[in-house]
Amino acid sequence: MATGKTSSRSRVSVKENGGKLEEGLNPFKSDRFDAEYYVQSNCSLNDKEIKQLCTYLVDLKKASAEEMRRSVYANYAAFIRTSKEISDLEGELSSIRNLLSTQATLIHGLAEGVHIESSISDSDGSSVNATSDSEDKEISDLDKWLVEFPDLLDVLLAERRVEEALAALDEGERVVSEAREMKSINPSLLLSLQNSITERRQKLADQLAEAACQPSTRGAELRAAISALKKLGDGPHAHSLLLNAHLQRYQYNMQTLRPSSTSYGGAYTAALAQLVFSAIAQAASDSLAIFGEEPAYTSELVIWATKQTEAFALLVKRHALASSAAAGGLRAAAECVQIALGHCSLLEARGLALCPVLLKLFRPSVEQALDANLKRIQESTAALAAADDWVLTYPPTANRQTGRPSSISVSSTTAFQHKLTSSAHRFNLMVQDFFEDVGPLLSMQLGGQALEGLFQVFNSYVNMLIKALPGSMEEEASFEDSGNKIVRMAETEAQQIALLANVSLLADELLPRAAMKLSPLTQAPYKDDNRRRISERQNRHPEQREWRRRLVGSVDRLKDTFCRQHALDLIFTEEGDSHLTADMYISMDGNADEVEWLPSLIFQELFIKLNRMANIAADMFVGRERFATLLLMRLTETVMLWLSEDQSFWDDIEEGPRPLGPLGLQQFYLDMKFVVCFASQGRYLSRNLQRIVNEIITKAMAVFSATGMDPYSELPEDEWFNEICQDAMERLSGKPKEINGERDLNSPTASVSAQSISSVRSHSSS
């Protein structure tokens, strides 16, 4: 459909250009046309106009070439069919011409006989005698040649003296032609001579065809036989015999090639490719040397070569690719394909572009090997995840010297500097091997499929890590692709953060770096058009960027699950009761004497948990501190977002048995201030968290204002809250107080001041 639309647009463009061209020619048709004035006025183009004109001409040339290519492909089969029909018609016309010539000879012979008889009866005796003596002498020489000529042809044919036989046949045709014009031979003798020549010509053609079909006939002898057969006037049959001779020869040689004699598919592929493509190359050379570049013969050669290439591909698939693809041997399958393409690409110098035929036939087998390889990565990683202790380590020494080629070891050196758990190490190493295998197959356009398959495997690994989080068992139904695989639970916070360290390092660095091996800049399995490689280079990086965004999306799923479960563990007890209720603020005004101004216990526990996680993450995310900061930011946002959206909490605040009093509001404001202070101090105070806290404070003040009291008159100054929050953080963390309360101005959250809560108060009061 897309091709049809493109063709229609091209035709419309050509019509428009034709109309513009006709208008442009009008000045030249005028009788008052002045060439010199026209050149001076219209041909003084500047550099920009010349570049635009050149660009237009280049685009027009490309469009014309593309249109011609589509026309050739669209009408190629009809062209070949028509060529064969024309050849058949030429043979029939030749037969009809011979038959008409024979009939004309008989008619002329009868008429000449009547004329000779009348001339003899009217001539005198002396004249008749002189003429008779002269004719008898000529007839006797001609009769002698007529008697000896068939025997001469038989001798030449028996001795297989082809060139002399061809010369004799040409001489016979010349005598027949002259005799027909001069009417010097009796019609019956002329007919007999013609039949004799035809019979010997056919016998010579049969001899040449038989010789061409012999396996022992090769090289110059074969070319001589085919050339002689072509001279006899049977070019199509001669060309078919030439191709068939090369086919029989390489099929005979294939009898010594036994797939079972070697367990290495690459060796079989190389040997078979050498036989097949060398035979095709020799056939192309012989065809060009004997028949030239006539379309009918070149078309037959292309069809024959395509058929042999397809037969070769089926043999390779049956004896080499099938077992490799079923076992997931992507490297073995890739090597077989590369060997075949290497031999096939040599034919392009002879005008035979057969690599697309191979790629189309090999693609299903390579896709099968690709899928099996990805499945093996997934199953192997899942097996290790079942026994993984979720402790980050460097790869063991045995893995650093795997025996792989030096190029792979060097490319993986950087990866060995990172700490992962055992299942993640296995996943990374198998992915490195995977990209080494699939890299050379960009010519099959498998890059996108490889990236998609690897994303699915990584996504499955993330699902297993989500199952390793305590409390995620109720979410198993959401991960059907992970099946019933057993995963060892990550009990401690350090183990759970190690899960995040695994996927973050894989998604951010290791997998994208390995995927760069799919770059088409260094992969050139066979000669290709430069424009195609440029377009692939332009399209590859956006595809990989999108792939990387999807990897980060999978990591975010694990991060969200981690934060949600820790937030729920913090807010709820094992019995399902909440640590964060409206009663803890409403009841404060009834116990004014017992009030101790400290942040609520749940927010103290949140601070302790975040501090503990920050210390663990500092050891696990060396060089990747930003991920640790974003993790703490997300966990804090999750807790505060739950408070903002807990409708039962706000219903109790607004419609409870007791209204929110001044002390309750003061404690609530202190808790929110405490969250902002420790988030700012830990450098994970995001604008989103600041917005959520401000919305919560605004909502609480609105509830308090509904009781008829002014919240701003009941709240102390911000310095009072800051001092309490600072004292609480120092007491809970055991760290010394910061000098003058100053914070690092280079912090990523320095622009979000903890004093912004006071801005909420000022805006509300105004």
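Residues numbered from 1 in each chain as written. Predicted model: local features only at pLDDT ≥ 70, side-chain atom pairs only at ≥ 80, totals over all residues. Heavy atoms only, no water.

**Student:** Run through the overall build of the protein chain, naming residues and quoting values.
**Tutor:** Regarding its fold elements, the protein chain presents 27 helices and 0 strands. Looking at the protein chain as a whole, 39% of its 766 residues are labelled buried. For the protein chain, the share of sequence-separated contacts (at least 6 apart) that also reach a separation of at least 24 residues comes to 79%. A total of about 41,600 Å² of accessible surface is found on the protein chain, and carbon and sulfur atoms cover 54% of it. (Helix = DSSP H or I, 4+ residues; strand = E, 2+ residues; numbered from the N terminus. Buried < 20%, exposed > 50% of the residue type's maximum accessible area, 1.4 Å probe, protein only. Contact = heavy atoms within 4.5 Å. Areas by Shrake-Rupley, 256 points an atom, 1.4 Å probe, with all protein chains shown as cover.)

**Student:** Break down helix H23 (residues 662-681) for me, citing the residues and quoting the values.
**Tutor:** Taking 1.5 Å as the rise per residue, H23 with 20 residues should run 28 Å; its terminal C-alpha atoms sit 28 Å apart, in good agreement. Among the residues trailing H23, Arg683 stands out with phi positive, at a value near 65°. (Expected span 1.5 Å × (residues − 1).)

**Student:** Which residues make up the nonpolar core, and what values go with them?
**Tutor:** Soluble globular proteins tend to pack their nonpolar side chains together in the buried interior. Of all hydrophobic cores here, the largest spans 147 residues; its most connected members are Phe312, Phe362, Phe458, Phe603, Met640 and Phe678. If we ignore the near neighbours within four places in the chain, the residues touching Phe362 are Phe312, Ala313, Val316, Lys317, Leu321, Val337, Ala340 and Met444. Grouped together as the second largest cluster of nonpolar side chains are 23 residues, Ile197, Leu208, Leu232 and Ile290 included. (Core = buried A, V, L, I, M, F, W, Y, C linked by side-chain atoms within 4.5 Å.)

**Student:** How would you summarise the pattern of salt bridges if you had to cite specific residues and measurements?
**Tutor:** Applying the stated criterion across every chain, the model contains 10 salt bridges. Measuring nitrogen to oxygen at the nearest pair gives 3.2 Å for the salt bridge that ties Lys609 to Glu493. You can see Lys609 sitting in helix H20 (residues 601-620) and its partner Glu493 sitting in helix H17 (residues 493-515), a full 116 residues away along the chain. Both residues of the pair, Lys609 and Glu493, belong to the buried class. Between Arg691 and Glu695 there is a salt bridge, with its nearest N and O atoms 2.9 Å apart. Taken as a pair, Arg691 and Glu695 lie in helix H24 (residues 687-705) at a separation of 4 residues, close to a single helical turn. According to the relative accessible area criterion, Arg691 is partly exposed, its value standing at 40%. Residue class for Glu695 comes out partly exposed when judged on its relative accessible area of 38%. (Salt bridge = Lys/Arg side-chain N within 4 Å of Asp/Glu carboxyl O.)

**Student:** Explain the packing of helix H11 (residues 330-345) against helix H12 (residues 355-385) to me, and be specific about the residues and the numbers.
**Tutor:** Between H11 and H12, the least distance of the axes is 9 Å, while the angle of their chain directions is 170°. With respect to each other, H11 and H12 are oriented roughly antiparallel. Taken together, the residues of H12 that come into contact with H11 (itself represented by Leu330, Ala333, Val337, Ala340, Leu341, Cys344 and Ser345) are Cys355, Leu358, Leu359, Phe362, Val366, Ala369, Leu370 and Asn373. Split into classes, the residues belonging to the contact of H11 with H12 amount to 13 nonpolar, 2 polar and no charged. (Axes fitted to C-alpha atoms, helices over the stretch in contact; angles between N-to-C directions. Parallel < 35°, antiparallel > 145°, perpendicular 65-115°, else oblique. Nonpolar A, V, L, I, M, F, W, Y, C, P; charged D, E, K, R; others polar.)

**Student:** Please provide a residue-by-residue account of the confidence of the model for the protein chain, values included.
**Tutor:** Of the residues in the protein chain, 72% have a pLDDT of 70 or more, and the chain-wide mean is 76. Between residues 398-416, whose pLDDT stays under 50, and residues either more than four places distant or in other chains, the model counts 21 contacts. Taken together, the stretch residues 521-539 has pLDDT below 50 and engages in 23 contacts with residues farther than four places along the chain or on a different chain. (pLDDT = per-residue confidence, 0-100.)

**Student:** Go over a negative patch on the surface, please, and point to the residues and values.
**Tutor:** A surface patch of like charges, here negative, comprises Asp651, Asp652, Glu654 and Glu655. The topology assignment puts Asp652 in helix H22 (residues 647-655). (Patch = residues over 30% accessible without salt bridge, like charges linked within 9 Å, V, L, I, M, F, W, Y side chains within 5 Å. Lys, Arg positive; Asp, Glu negative; His and termini not counted. Charge placed at Lys NZ, Arg CZ, Asp CG, Glu CD.)

**Student:** Please give an account of the packing of aromatic side chains that cites residues and values.
**Tutor:** Enumeration according to the criterion identifies 18 aromatic pairs in this entry. Ring centres of Tyr585 and Phe649 lie 6.3 Å apart, and the angle between their planes is 90°; this geometry places the pair in the edge-to-face category. On the criterion of sequence distance, the pair formed by Tyr585 in helix H19 (residues 583-586) and Phe649 in helix H22 is long-range, its members being 64 residues apart. Members of the aromatic cluster, joined through ring pairs, are Tyr585, Phe649, Trp650 and Phe668. Sitting over the face of the ring of Phe455, Arg550 holds its NZ or CZ atom 4.0 Å from the ring centroid. The side chain of Lys699 reaches across the aromatic face of Trp650, ending 4.8 Å from its centre. (Phe/Tyr/Trp six-rings, centres within 6.5 Å; stacked < 30°, edge-to-face > 60°. Lys NZ or Arg CZ within 6 Å of the ring centre and 35° of its normal.)

**Student:** Provide a residue-level description of the packing of helix H16 (residues 447-467) against H17, including the pertinent values.
**Tutor:** Following both chains from N to C, one finds H16 and H17 inclined at 170°, their axes separated by 11 Å at the closest point. Classed by the angle they form, the pair H16 and H17 counts as roughly antiparallel. Note on element contacts: H17 touches H16 through Leu499, Asn502, Val503, Leu506, Ala507, Leu511 and Ala515, opposite Leu451, Phe458, Tyr461, Val462 and Leu465. Of the residues that constitute the contact of H16 with H17, the class distribution is 11 nonpolar, 1 polar and no charged.

**Student:** Before we move on, could you go through unusual backbone geometry and cite the residues and values that matter?
**Tutor:** Residue Trp390 is not a glycine yet carries a positive backbone phi of 55°. Mapping Trp390 onto the fold places it in the loop between H12 and helix H13 (397-400). On the basis of relative accessible area, Trp390 is assigned to the buried category, the value being 1%. Backbone geometry at Arg683 places phi at a positive 65°, although glycine is not the residue there. Within the secondary structure, Arg683 sits in the loop between H23 and H24.

**Student:** How would you sum up the environment of Gln368? Please name residues and give values.
**Tutor:** Inspection of the secondary structure assignment puts Gln368 in helix H12. It is 8.8 Å that separates the C-alpha atoms of Gln368 and Leu330, two residues lying 38 residues apart in sequence.

**Student:** Describe the environment of Ala424, naming the residues involved and giving the relevant values.
**Tutor:** Inspection of the secondary structure puts Ala424 in helix H15 (residues 422-438). On the basis of relative accessibility, which here comes to 0%, the residue Ala424 falls in the buried class. Taking C-alpha positions, Ala424 is 9.0 Å from Tyr461, a pair spaced 37 residues apart along the chain. Not counting residues up to four positions away in its chain, the partners in contact with Ala424 are Asp388, Tyr461, Asn502 and Leu506.

**Student:** Lay out a nonpolar patch on the surface with the relevant residues and their values.
**Tutor:** A surface patch of nonpolar side chains, amounting to about 360 Å² of accessible area, comprises Leu53, Tyr56, Leu57 and Leu60. Inspection of the secondary structure assignment puts Leu53 in helix H3 (residues 47-122).

**Student:** With reference to specific residues and values, describe the environment of Ala617.
**Tutor:** Relative to the helices and strands, Ala617 is located in helix H20. Under the relative-accessibility criterion, Ala617 is labelled buried at 4%.

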